Amino acid sequence: MNVLNNQPTKTVLFILTFLLFSLPGILNAQQEKTKNEDSRTINLMCYNLKFASPDYKPSWEVRREMQVDMIRKYSPDIIGTQEGLKEQVDYLMDHLPEYIVVGEGRKGGDDDEHMAIFFKRDKFRLREMGSFQLSETPKIIMERINSLNRFGVWTKERPVFLMGDFNSKPGSDVYKKFVGDENSDDADLLDDSVEGGLGIDWILHKGNVKVLSYEKVNYNVNGAYPSDHKPVFVKILINK
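Bear in mind that the values here come from a model prediction, so they are computed numbers and not experimental data.

Q: How would you summarise the packing of aromatic side chains if you had to cite specific residues and measurements?
A: Scanning the entire structure with this criterion turns up six aromatic pairs. Between Phe-166 and Phe-178, the ring centres sit 5.5 Å apart and the planes meet at 70°, which makes this aromatic pair edge-to-face. With Phe-166 in the loop between β6 (160-165) and α5 (173-179) and Phe-178 in helix α5, this residue pair connects regions lying 12 residues apart in the sequence. The exposure class assigned to Phe-178 is buried, which follows from its relative accessible area of 1%. A centroid spacing of 4.2 Å and a plane angle of 15° characterise the contact between Phe-166 and Trp-202, whose relative ring orientation is stacked. With Phe-166 in the loop between β6 and α5 and Trp-202 in strand β8 (residues 201-206), this residue pair connects regions lying 36 residues apart in the sequence. On the basis of relative accessible area, Trp-202 is assigned to the buried category, the value being 1%. A connected cluster of aromatic rings, assembled from ring pairs, spans Phe-166, Tyr-175, Phe-178 and Trp-202.

Q: Outline the pattern of salt bridges, supporting the account with residue identities and numerical values.
A: Scanning all chains against the criterion turns up six salt bridges. The partner of Asp-77 in a salt bridge is Lys-123, with the nearest N and O atoms 2.9 Å apart. Of the two residues, Asp-77 sits in the loop between α2 (60-74) and β3 (78-82) while Lys-123 sits in the loop between β5 (117-120) and α4 (139-148), which places them 46 residues apart along the sequence. For Asp-112, the salt bridge is made with Arg-106, and the minimal N-O distance between the two is 3.1 Å. Given the relative accessible area of 26%, Asp-112 is considered partly exposed.

Q: Explain the sheet that holds strand β10 (residues 232-238) to me, and be specific about the residues and the numbers.
A: The mixed open sheet is built from six strands, whose spatial order is β4-β5-β3-β2-β10-β9. The two strands at the open ends of the sheet, each matched to only one other strand, are β4 (99-102) and β9 (209-216). Averaged over all pairs of adjacent strands, the angle between their axes in this sheet comes to 20°, without regard to strand direction. Pairing geometry for β4 and β5, over four bridges, is antiparallel. By the bridge assignment for β5, Val-101 is matched with Phe-118.

Q: I'd like a description of the packing of α2 against helix α3 (residues 86-95), backed by residues and values.
A: Look at α2 against α3: their axes get within 10 Å of each other, and the N-to-C directions meet at 45°. Comparing the axis directions of α2 and α3 gives the class oblique. Relative to α3, α2 is oriented so that their crossing is right-handed. Facing Trp-60, Arg-63, Arg-64, Glu-65, Gln-67, Val-68 and Arg-72 of α2, the residues of α3 in contact are Glu-87, Gln-88, Tyr-91, Leu-92 and His-95. The residue inventory of the contact of α2 with α3, partitioned by class, reads four nonpolar, three polar and five charged.

Q: I'd like a rundown of the pairing of β6, residues and numbers included.
A: Counting buried positions over the six residues of β6 gives six, a clear majority of the element. Neither face of β6 is exposed, since Val-160, Leu-162 and Gly-164 on one face and Phe-161, Met-163 and Asp-165 on the opposite face are all buried.

Q: Lay out the side chain of Asp-165 with the relevant residues and their values.
A: Along the chain, Asp-165 falls in strand β6. A distance of 3.1 Å separates polar atoms of two side chains, one belonging to Asp-165 and the other to Asn-48. Polar contacts involving the side chain of Asp-165 include one to the main-chain amide nitrogen of Asn-167, which spans 3.1 Å.

Cut-offs and rules
- Residues numbered from 1 in each chain as written.
- Predicted model: local features only at pLDDT ≥ 70, side-chain atom pairs only at ≥ 80, totals over all residues.
- Heavy atoms only, no water.
- Phe/Tyr/Trp six-rings, centres within 6.5 Å; stacked < 30°, edge-to-face > 60°.
- Helix = DSSP H or I, 4+ residues; strand = E, 2+ residues; numbered from the N terminus.
- Buried < 20%, exposed > 50% of the residue type's maximum accessible area, 1.4 Å probe, protein only.
- Salt bridge = Lys/Arg side-chain N within 4 Å of Asp/Glu carboxyl O.
- Pairing = 2+ DSSP bridges.
- Axes fitted to C-alpha atoms, helices over the stretch in contact; angles between N-to-C directions.
- Parallel < 35°, antiparallel > 145°, perpendicular 65-115°, else oblique.
- Left-handed = near helix turned anticlockwise from the far one by under 90°.
- Contact = heavy atoms within 4.5 Å.
- Nonpolar A, V, L, I, M, F, W, Y, C, P; charged D, E, K, R; others polar.
- Polar contact = N/O pair within 3.5 Å; in protein donor to acceptor, adjacent residues only side chain to side chain.

As far as function goes, none of this settles anything; it's purely spatial.
Below, the structure is given as structure tokens:
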């Protein structure tokens, strides 16, 4: 739970392990560098779908087509979503067949709002998944990250990404729990994808990665937005 305003923090956490494949043929040094970097670049999106409230305008029946169009336009490799009811997640899954969807409602199974993860089926293979309930403070998330980001103490850190609607702004106690401040020297803290943070929707990361670009997506159709949140879209380079 958010320790500032008692609103639920809606987050998704995933840890990536990559296998890099070389293509046959002769490439010059620049082509080889570009090919290797492209194969290690992933596009991430964090998106609060806005649950299908009958009181919210535009209605879900209008917004759903806008969301599909926006996702197709940006073509993120992985999308961490929040607030989607089963009917919303099912619609996006049916209309975005290039993605596999995993996740469950926050009450378990298909009930209530989902924190569903979409990932491209031709780029990733799911190795393991699970879910857990948050405690009254966000400390349990850091404990999970620190227990999963290595195969063992002798191995290098794997890339870790934590994204979601945290219902807290940069500079808040919640933000400092994850990212720290200018006086922090804790090696277990994460980094934000934009320096200093922005808004309440974050993509945080840990491990040997580099943020190539950050965008707060301003997608709309004639001034109508597909959600009350603007997606966060980040390009990440996974370093060797």
